[in-house]
Amino acid sequence: MLRAVALGIALSAALATPATATPATATPTPTHCPPLIQGTGPSIHPEGVAYDAARARFLIGSITHGTVSTVGPDNRAVTLVDDQRLITTMGLAVDNLRGRVLVTNADLGRGDRTTPETRNQLAALGIYDLRTGKALHYLDLDKLIPDTQNFANDLALGPDGTAYVTDSLAGAVYRVTPDGRAEVLVRDPQLAGAVGAGWGLNGIVWTPHGLVGALSAKGALVRIPFRDPAKFHLVTLDASIGKPDGLLVRPGNRLLAVDNTAANRIVELRSTDGWQTASVTGSTPWADKAPTTMVNTHCGPYALAGRLDVLLGGGRSDEFVLRRLG
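Cut-offs applied
Residues numbered from 1 in each chain as written. Predicted model: local features only at pLDDT ≥ 70, side-chain atom pairs only at ≥ 80, totals over all residues. Heavy atoms only, no water. Helix = DSSP H or I, 4+ residues; strand = E, 2+ residues; numbered from the N terminus. Buried < 20%, exposed > 50% of the residue type's maximum accessible area, 1.4 Å probe, protein only. Salt bridge = Lys/Arg side-chain N within 4 Å of Asp/Glu carboxyl O. Disulfide = S-S within 2.5 Å. Pairing = 2+ DSSP bridges. Axes fitted to C-alpha atoms, helices over the stretch in contact; angles between N-to-C directions. pLDDT = per-residue confidence, 0-100. Contact = heavy atoms within 4.5 Å. 1 Å grid on protein atoms, 1.4 Å probe; cavity = no way out; pocket = protein on both sides within 12 Å on 5 of 7 lines; lining within 4 Å. Points joined across faces, edges and corners; volume = space filled by probe spheres on them. Nonpolar A, V, L, I, M, F, W, Y, C, P; charged D, E, K, R; others polar.

1. A few points about unusual backbone geometry
Trans peptide bonds make up the majority, and among non-glycine residues the majority have a negative phi.
In step 1: Positive phi outside glycine occurs at N120, with the angle close to 55°.
In step 2: Here N120 lies in the loop between β7 (100-106) and β8 (121-122).
In step 3: Of note, A290 is a non-glycine position whose phi angle comes to about 55°, a positive value.
In step 4: If you trace the backbone, A290 turns up in the loop between β23 (277-285) and β24 (291-297).
In step 5: Taking the relative accessible area as the measure of exposure, A290 reaches 5% and is therefore buried.

Next comes the structure, spelled out in structure tokens:
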């Protein structure tokens, strides 16, 4: 997943219900849905985002600090997870049922903890307590594929708590069970990228028909069946989707994809055959530079832009934006 009107409140506050109305673990009822959240965090540059439905709050990662933060009522990032093993936190997923937040760990070479030994050589998954940020599991996935460069990018979470992690350089998907057992689900040169030549597998989502991943450098989507992952295939598309980055499943067999090109847009696709084929049904130019991915919330989907345009241009910014679609 690489690539204004300030309301004065974050979604976490806007969606909160009175403490006497429902238990803390119940689904809050939306009372207001801000179209724009202008977040701040010291040079945080988030690339991934998740949503904690039980607490109606966003969680974001950080390319620079390797942290996981919540977005507070004042729209400021508040650190939840600060694990010294994390260098660049990329994909995020919240598992409310099990009280976990899962985050992929890589090294883009832009982090405070980056080293020559880990740059483009790191693929790991950290699993933390959603309430306290305490470490539950840390898995060095790159040890499963030691003969190549590695970059853990995005992850999808299945209904049973199984995590599926993309490795953009190794061209692989790792499968991690809820109790922390990891294996390589699929690996193939067709799914790999190369430093300077573009990412291979990037964003990924779980669907009942199989995993759907973004192949950024190829401008394609790939469907990976659960029963026989080696029989993956490109999704036949009826129009260009640019270089897909983050993906988001929507109702009605729909999918949203961030087009990580100068087009700076979000593309909507729909499939009627379990993602064997798909049609482009919409294209929305995005107001914020360099969006990376999206997340579903009680208020609908939001897209994240972590000012990666500034970071990859050699600068730093304290700003990030979460903008509601539609």
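2. Concerning the pattern of salt bridges
In step 1: For the structure shown, the criterion picks out 18 salt bridges.
In step 2: Salt-bridge contacts for E183 lead to R175; the nearest nitrogen and oxygen are separated by 2.4 Å.
In step 3: Take E183: its relative accessible area is 35%, and that puts it in the partly exposed class.
In step 4: Owing to a relative accessible area of 26%, R175 belongs among the partly exposed residues under this scheme.
In step 5: Its salt-bridge partner being R254, residue E268 comes within 2.9 Å of it at the nearest N-O pair.

3. A word on the state of the cysteines
In step 1: The tally for this structure, following the rule as stated, stands at one disulfide.
In step 2: For C33, the disulfide goes to C299, at an S-S distance of 2.1 Å. The disulfide joining C33 to C299 has a torsion of about -75° about its S-S bond and is therefore left-handed. With a gap of 266 residues between them, C33 in the loop between α1 (11-14) and β1 (36-40) and C299 in the loop between β24 and β25 (300-305) connect regions that are remote in the sequence.

4. Focus: the sheet that holds β24
In step 1: With respect to topology, four strands assemble into an open sheet ordered β1-β26-β25-β24, the strand pairing being antiparallel. Edge strands, defined here as strands with exactly one partner in the open sheet, are β1 and β24. Within the sheet, the average angular offset between the axes of one strand and its neighbour, ignoring direction, is 20°.
In step 2: Pairing geometry for β25 and strand β26 (residues 319-324), over four bridges, is antiparallel. Its bridge partner lying in β26, Y302 is registered against R324.

5. A look at the confidence of the model for the chain
In step 1: The predicted model of the chain averages 91 in pLDDT, with 90% of residues at 70 or higher.
In step 2: Segment residues 3-30 is flagged for pLDDT under 50; beyond a separation of four residues in sequence, or across chains, it makes 70 contacts in the model.

6. A closer look at the layout of surface pockets
In step 1: When its volume is computed, the largest pocket comes out at roughly 680 Å³.
In step 2: Lining the largest pocket are 28 residues, with A93, A156, L157, L248 and N296 sitting closest to its centre.
In step 3: Class assignment for the residues of the lining of the largest pocket results in 20 nonpolar, six polar and two charged.

7. Remarks on the pairing of β24
Where a strand is regular, its side chains alternate between the two sheet faces.
In step 1: Across the seven residues that make up β24, a large majority, six, are buried.
In step 2: Strand direction decides the pairing type here: β24 and β25, joined by six bridges, are antiparallel. Within β25, the position partnered with V295 by the bridge is Y302.

8. Some thoughts on the sheet that holds strand β6 (residues 88-95)
In step 1: Spatially, β6-β7-β9-β10 is the arrangement adopted by the four strands of the open sheet, whose pairing is antiparallel. Looking at the sheet topology across the chains shown, the edges are occupied by β6 and β10 (135-140). Along the sheet, successive strands turn relative to each other by an average axial angle of 15°, direction set aside.
In step 2: The pairing of strand β9 (residues 124-129) with β10 spans five bridges and is antiparallel. Paired with G126 across the bridge in β10 is Y138.

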